[in-house]
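Survey of secondary and tertiary structure
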Amino acid sequence: MSTIALLPEVSQFIGRTQGLRINGREVMAEEAFAVLNPSTGGLLAQIAKAGAREVDLAVTSASQAFHHGPWTTMGPDARSRIIWRLADLMEERAAIFGQLDALDNGKPFAVARDVDAMWSARHFRYFAGWPDKIEGATIPVNIPDRLNYTLIKPVGVCGLITPWNYPLLMASWKLAPALAAGNTVVLKPSEETPLSVLYLADLALEAGLPPGVLNVIPGLGQEAGAALAAHPGIAKVGFTGSTRTGRAIVEASVGNLKRVSLELGGKAANILFADADLSRAIPGAFWANFGNNGQSCTAGSRLFVHADIHDQVVAGLSEIAAGLRVGPGMDDPAHDLGPVISEKQMRMILGHVDKAQMQGATCLTGGARAGDSGWFIPLTIIGGVTDEMTIAREEVFGPVLSVLRFTDDAEVLVRANSSDYGLAAGLWSQDVTRVRRMADALQAGTVWVNCWGETDAASPFGGVKQSGYGREMGRDAIALYSETKSVWIA
Ligand code: NAD
């Protein structure tokens, strides 16, 4: 086992304190903060820390770019070409993005490069096609001699606030449609993982994005994030993160009634019926939860298994867990999964495992920290979980799967829906009538049938209930970053 050699661009990038990116320039702040490498627990990089003053500078820069810059007056074809060129550059530099996210987040380098970076590039590619298709309508109104039509306008300066689990991808989900719709942006990445988004800002300039259109201001949530969410110059906040922070953002928005869209937490139910094709359903259910080390808002963390196949499924899941290796993201050959993001998160996750056992569940695999350097938790499967246990109700956001037993379709539907969250749900069955009925009745923004976790830049994604509101991706995302103006001409 050796460590993958750092690309020269990556060594240089992390070898000096990275400034904020404001108005096309790198700007240092009064203070810097340390970003740690979750695979070692050691220092990875120093980053300038935005406070209220820097947030204000960035909003002013984005506002200038919105009101006076070429971005909002250039034709749609010119905007498309810049976004398309950015997608090209992201593909060309996917290995750099991959190394930055592997170091910063801990996920395996190959995953960070081939999934996070390449899907992010694909996202920009898809939205590059939108600027000349954002059309209004002519409306057949009843008042005589009147022409009524609609114009689809950008919202203005958008504040985008993103989490650490897919650092580049979550930023791309917001940034690509915001730019395609003609907005300017202040983006605050998670303080845990700011590197790849800072690099993206540099690439955007190289692609021809005018200065001030994209400003990136790493900083703490309570400081930079809160200041951005409350700022009167921000017209819209696009947020991905926890439900708790989502509430704080809604409260902060009331001052100027800024638009808010929220992609929040989840506690997805994944239902294995007795007629499922277990050769696909067992590995499918495993990765539904353990993909990205369980640090996914869509993690299928409540696995409902029909009593007739329960023991076979649990044995199959445990066998997969035993065959996988967890280790640093930059090791070669690659490990299957990396560390969790931080010591705080590790303690929170292990606290959930302990509490589940105190409440009567059984830890079937994993359950304790692995090693003493870095923040590693072996894949943990908890059996005998019942609906009222904390682990069945609260988001764990780590490599922990709860297995719950059921016997009847109507019963499992009620139990699956008895959650405050509603981001995703899924089922495994060969019975088309059952599939259709369940897909219709599960309370979730996305339902996966005989698959899990699939997304596409063209397909809407978002939550119901306390998983948030608004739909990202596809045409819905353009609507999320636009306002409709109605024009009447006499
Ligand atoms: P978090 O809510 O702690 O932080 C998210 C972002 O909000 C960070 O940039 C943080 O600095 C910022 N922030 C924190 N406090 C803030 C405040 N008071 N005002 C403004 N900004 C603030 O979430 P996290 O721990 O980074 O990410 C994990 C959470 O994100 C999980 O709950 C997960 O389910 C959710 N998530 C949801 C989706 C989705 O699409 N629905 C995707 C990924 C992650």
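For the structure itself, consult the block above.
Keep in mind that what you see is a predicted model, and the values were worked out from it rather than measured.

**Comments concerning the pattern of salt bridges**
Two side chains of opposite charge can pair, provided their charged atoms sit close to one another. Throughout the structure, instances matching the rule amount to 23 salt bridges. Close ionic contact of Arg125 with Glu91 constitutes a salt bridge, the shortest N to O distance being 3.1 Å. Placement of the pair is Arg125 in helix H5 (residues 109-128) and Glu91 in helix H3 (residues 76-92), with a sequence separation of 34 residues. In this structure, Asp456 and Arg122 form a salt bridge, with 3.8 Å as the shortest nitrogen-oxygen distance. Here Arg122 lies in helix H5 and Asp456 lies in the loop between strand E20 (446-449) and strand E21 (468-469), a separation of 334 residues in the sequence.

**Considering the sheet that holds strand E6 (residues 138-139)**
The strands that make up a sheet are held in pairs by hydrogen bonds between backbone atoms, and each pair lies either parallel or antiparallel. Here 3 strands make up an open sheet; going across it, the order is E6-E7-E22 and the pairing antiparallel. Every interior strand has two partners, whereas the edge strands, E6 and strand E22 (482-489), have only one. Examined bridge by bridge, E6 and strand E7 (residues 147-154) share 2 bridges and lie antiparallel to one another. Counted as the bridge partner of Ile139 is Asn148 from E7.

**With respect to the nonpolar core**
Among the nonpolar cores identified, the biggest contains 64 residues, and Met90, Phe124, Leu175, Leu179, Val185, Leu187 and Leu214 are the most heavily contacted of them. Setting aside anything within four residues of it in sequence, one finds Leu214 in contact with Arg21, Leu175, Val185, Leu187, Ala201, Ala204 and Leu209. Ranked by size, the runner-up nonpolar core spans 30 residues in total, among them Ala356, Val400, Leu427 and Leu442.

**Examining the sheet that holds strand E16 (residues 362-365)**
Strand order in this open sheet of 7 strands is E16-E17-E18-E14-E13-E19-E20, and the pairing throughout is mixed. Taken across any chain shown, the strands that pair with only one partner, and hence form the sheet edges, are E16 and E20. Looking at each pair of strands side by side, their axes are set apart by 25° on average, direction ignored. When strand E17 (residues 380-383) meets strand E18 (residues 400-406), the two strands line up parallel, connected through 3 bridges. Residue pairing for E18: Thr380 is matched across the bridge by Val400. Helix-sheet contacts for helix H10 (residues 278-290) involve strand E13 (269-272), strand E14 (302-306), E17, E18 and strand E19 (424-428), and the interaxial angle to E13 is about 165°. Set on the sheet, helix H11 (residues 310-323) makes contact with E13, E14, E16, E17 and E18; between it and E18 the angle comes to about 170°.

What counts and how
Residues numbered from 1 in each chain as written. Predicted model: local features only at pLDDT ≥ 70, side-chain atom pairs only at ≥ 80, totals over all residues. Heavy atoms only, no water. Salt bridge = Lys/Arg side-chain N within 4 Å of Asp/Glu carboxyl O. Helix = DSSP H or I, 4+ residues; strand = E, 2+ residues; numbered from the N terminus. Pairing = 2+ DSSP bridges. Core = buried A, V, L, I, M, F, W, Y, C linked by side-chain atoms within 4.5 Å. Buried < 20%, exposed > 50% of the residue type's maximum accessible area, 1.4 Å probe, protein only. Contact = heavy atoms within 4.5 Å. Axes fitted to C-alpha atoms, helices over the stretch in contact; angles between N-to-C directions.

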